Amino acid sequence: MPDGTAGDVSTRTEVVRLEAIHKSFGLLEVLKGVSLTAREGDVVALIGASGSGKSTLLRCTNMLEVPTSGRVVISGEEIRLKPAAGGQMAVADAHQLQRVRARLGMVFQSFNLWAHRTVIENVIEAPVHVLKEPKAEATERAEALLHKVGLYAKKDVYPAFLSGGQQQRAAIARALALRPQVMLFDEPTSALDPELVGEVLKVIRDIAAEGRTMILVTHEMAFARDVANHVAFLHQGQIEEEGPPQKVFGTPDSERCRQFVNARK
Ligand code: ADP
Ligand code: MG
């Protein structure tokens, strides 16, 4: 939460719980036992150098990558895994994964809108075809979401006619349309021209202010400091420092963390 007090930790429900996540690609061990929890209303910022494993950790959260070992628990339900070839794990129950994954809204660096659908068609696609919402109802909600992200006027436009910032805001509306319990953002502004970053950060800030749970990978240190109530600094596949933003950015215990954040002030 913006004021850095997301309430008494013990009373808030765990939405995402990552336990001792390991992930290797061949001989390369990218995640070396990462544990991280996001409770209801938490805004968790993941920071760290390029290659430290931030995207892989987010991708393990929704099983775009399956951890080599460890547990992923979403709203109290563990995603079941089974041993697979080469010492890796595989998803044990595709239906369970589909159900659990629907609780996670994901926004990537690249916007991934459907090019042949208008903005509003992009937003209602999953509610109508996945959640089986009536089209009229989905359209009404989509319009409200497009208002929220400041894109209502562009609702009937095709993505190619939007700026990068507008496309990313449409992608955020599309993710919200699935009524996720947590939003996962992977560097949502890093593909944008500098003058478009602010409008996307504003939308994310507004969503955070509504008390929405989110895990956010970002290079925008000032934004992370401002909007997150918990910051984790990843270094070579391990959480090297974590805590409230004042601590991680102000007086970190780790020298590496201090250097990292000071270099980006
Ligand atoms: P970050 O998001 O912090 O920049 P990543 O999670 O993208 O880091 O990557 C961490 C490391 O894992 C990098 O060395 C990257 O090259 C490697 N990596 C990521 N995905 C794969 C993959 N699918 N296959 C092989 N190596 C990968
Ligand atoms: Mg990344």
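Everything below is about the structure shown above.
The structure contained in this document is the topic of the report that follows. Computed from a predicted model, the values in this text were never measured in an experiment.

Parameters and conventions
- Residues numbered from 1 in each chain as written.
- Chains lettered and ligands numbered in written order.
- Predicted model: local features only at pLDDT ≥ 70, side-chain atom pairs only at ≥ 80, totals over all residues.
- Core = buried A, V, L, I, M, F, W, Y, C linked by C-beta atoms within 7 Å.
- Buried ≥ 20, exposed ≤ 12 C-beta atoms within 10 Å, placed from the backbone.
- Contact = placed C-beta atoms within 7 Å.
- Helix = DSSP H or I, 4+ residues; strand = E, 2+ residues; numbered from the N terminus.
- Pairing = 2+ DSSP bridges.
- Axes fitted to C-alpha atoms, helices over the stretch in contact; angles between N-to-C directions.

**What about the nonpolar core?**
L46, A173, I215 and L216 are the most contacted members of the largest nonpolar core, which totals 72 residues. If we ignore the near neighbours within four places in the chain, the residues touching L216 are V43, V44, A45, L46, F185 and A228.

**Quick look at the environment of Q166**
Relative to the assigned elements, Q166 resides in helix α5 (residues 164-176). For Q166, a count of 22 C-beta atoms within 10 Å translates into the label buried. In the structure, Q166 is positioned 15 residues away from L151 in sequence and 7.1 Å away in space, judged by C-alpha atoms. Once residues within four sequence positions are removed from consideration, Q166 is found in contact with L151 and K154.

**Observations regarding the sheet that holds strand β5 (residues 77-78)**
Within the open sheet, the four strands sit side by side as β2-β1-β4-β5. Their pairing is antiparallel. Here the strands that pair on one side only, and so sit at the sheet edges, are β2 (28-39) and β5. Sheet topology places strand β1 (residues 14-25) next to strand β4 (residues 69-74); five bridges connect them, and they run antiparallel. Considered in β4, the bridge of L18 is made with V72. The strands touched by helix α1 (residues 54-61) are β1, β2 and β4; relative to β1, the strand with the most contacts, the crossing angle is about 120 degrees.

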